[in-house]
Amino acid sequence: MTTDPVNLLELELADRTPVPRGIVEHIQRLILKGGLKAGQRLPSQRELAEQLGVSRPSVREALTVLETMGLLTVRAGSGVFVAKADARRPLWRYSDRCTPADVYEARLGLEGYAARLAAARIDKPAEERLRRCTDSMHEALKVGDVISLAVNDTEFHDLIFELSGNPVLAAMYRPVRELLVESQRLPMAQLDRLSETVREHEAILEGLTSQDPDTAEAAMQSHIRSAAGRFGVSL
């Protein structure tokens, strides 16, 4: 096993890329393309921040995303390591509050109804915003960029709550958003099934743009059931 930490000084962040996402995307590419080997230890958060010229909170956020995706593992007292391909499992970081099944069940009701409302209220600019998300998910799928796919997945769901036009529903969503976002990431550890996620979002978009509340709600609930199933939760 490789224990010497890798130097990530070569990282170049695009001007318009949020810093944590830039770190995540770079490390993800190194892992998936073999630039970082299984078992290799990353530098400490302080060292990474100094190497990359970014803040420690940015590094911490980026590493948390990669750990959630199952690409990194944290060993107390030893550091952060690249996970072995056959041992990559998504991490649920909210076990002290609820289970993933709890979140998927709540999403079934909240997001299903949000999609129903959004279908009745969607306009052309909103459709274009949603379509940009699904188009970006397609592009991310082509190049194997899991993080970009996850970011656009989250934006898609955020937009639907916005388009629902219901301030009470939006207020219910905001306090639990981090849980819902985390539940979106969990199934993405199965890289060979990412295309299913993209197709499901296209089906939701079709229901929304047809302004058919029944179809939009059914497509959203089907997506959530399928996402839960990819993580091993049956709804």
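A brief look at the structure comes next. Please read these numbers as outputs of a predicted model, since none were measured by experiment. (Residues numbered from 1 in each chain as written. Predicted model: local features only at pLDDT ≥ 70, side-chain atom pairs only at ≥ 80, totals over all residues. Heavy atoms only, no water.)

### A short note on the overall build of the protein
Move 1: Counting secondary structure elements, the protein contains 10 helices and 2 strands.
Move 2: N-terminal to C-terminal, the α/β element order of the protein is α-α-α-β-β-α-α-α-α-α-α-α.
Move 3: Here the protein holds 235 residues, and the buried ones make up 47% of them.
Move 4: In the protein, the share of contacts with a sequence separation of at least 24, taken over all contacts with a separation of at least 6, comes to 73%.
Move 5: Summed over its atoms, the accessible surface of the protein is roughly 11600 Å², and 48% of this surface lies on carbon and sulfur atoms. (Helix = DSSP H or I, 4+ residues; strand = E, 2+ residues; numbered from the N terminus. Buried < 20%, exposed > 50% of the residue type's maximum accessible area, 1.4 Å probe, protein only. Contact = heavy atoms within 4.5 Å. Areas by Shrake-Rupley, 256 points an atom, 1.4 Å probe, with all protein chains shown as cover.)

### Looking at the side chain of R185
Move 1: The residue R185 is located in helix 8 (residues 177–185) in this model.
Move 2: For R185, a relative accessible area of 19% translates into the label buried.
Move 3: Excluding residues within four positions of it along the chain, R185 makes contact with V65, T68 and M69.

### So, the pattern of salt bridges
Move 1: Enumeration over the complete set of coordinates arrives at 14 salt bridges.
Move 2: One salt bridge connects D214 with R116, and the closest N-O pair in it is separated by 2.8 Å. Note that D214 is positioned in helix 10 (residues 213–230) and R116 in helix 4 (residues 100–121), a separation of 98 residues in sequence.
Move 3: For R116, a relative accessible area of 26% puts it in the partly exposed group.
Move 4: One salt bridge in this structure joins E200 and R230, with 2.8 Å as the shortest N-O distance. Of this pair, E200 sits in helix 9 (residues 194–209) while R230 sits in helix 10; the two residues are 30 residues apart in sequence, bridging distant segments of the chain. (Salt bridge = Lys/Arg side-chain N within 4 Å of Asp/Glu carboxyl O.)

### Here's the deal with the environment of A62
Move 1: Among the secondary structure elements, A62 is positioned in helix 3 (residues 56–68).
Move 2: Assessed through its relative accessible area of 0%, A62 is described here as buried.
Move 3: Each C-alpha atom, one on A62 and one on G22, is 8.4 Å from the other, the two residues being 40 residues apart in sequence.

### Some remarks on unusual backbone geometry
Move 1: Its identity as a non-glycine residue notwithstanding, Q211 has a phi of 55°, on the positive side.
Move 2: Mapping Q211 onto the fold places it in the loop between helix 9 and helix 10.

### What about the packing of aromatic side chains?
Move 1: Across all of its chains, the model carries 2 aromatic pairs by this definition.
Move 2: Judged by centre distance (5.5 Å) and plane angle (65°), the ring pair of W92 and Y94 falls under edge-to-face.
Move 3: Its relative accessible area of 13% is what places W92 among the buried residues.
Move 4: Seen from the ring of F81, R75 lies directly overhead, with NZ or CZ sitting 3.9 Å from the centre. (Phe/Tyr/Trp six-rings, centres within 6.5 Å; stacked < 30°, edge-to-face > 60°. Lys NZ or Arg CZ within 6 Å of the ring centre and 35° of its normal.)

### With respect to helix 10
Move 1: Taking 1.5 Å of rise per residue, 18 residues should cover 26 Å, and helix 10 covers 26 Å from first to last C-alpha, within 8% of that figure.
Move 2: All of the buried residues in helix 10 are A216, E217, A219, M220, H223, I224, A227, A228 and R230. All buried residues of helix 10 project into a common sector of 170° when viewed along the axis, lining one side.
Move 3: Residues of helix 10 that are buried sit in contact with helix 4, helix 6 (146–163) and helix 9.
Move 4: For helix 10, the N-terminal cap is D212; the gap from its side-chain oxygen to the backbone nitrogen of D214 is 3.1 Å.
Move 5: Looking at the residues trailing helix 10, positive phi occurs at G232, about 95°. (Expected span 1.5 Å × (residues − 1). Arc of directions from axis to C-beta. Polar contact = N/O pair within 3.5 Å; in protein donor to acceptor, adjacent residues only side chain to side chain.)

### Considerations on the environment of A119
Move 1: Along the chain, the position of A119 falls in helix 4.
Move 2: Between the C-alpha atoms of A119 and E206, which are 87 residues apart in sequence, the distance is 9.7 Å.
Move 3: The residues touching A119, leaving out its near neighbours within four places in the chain, are G207, L208, Q211, D212, P213 and A216.

Structural measurements only, silent on function.
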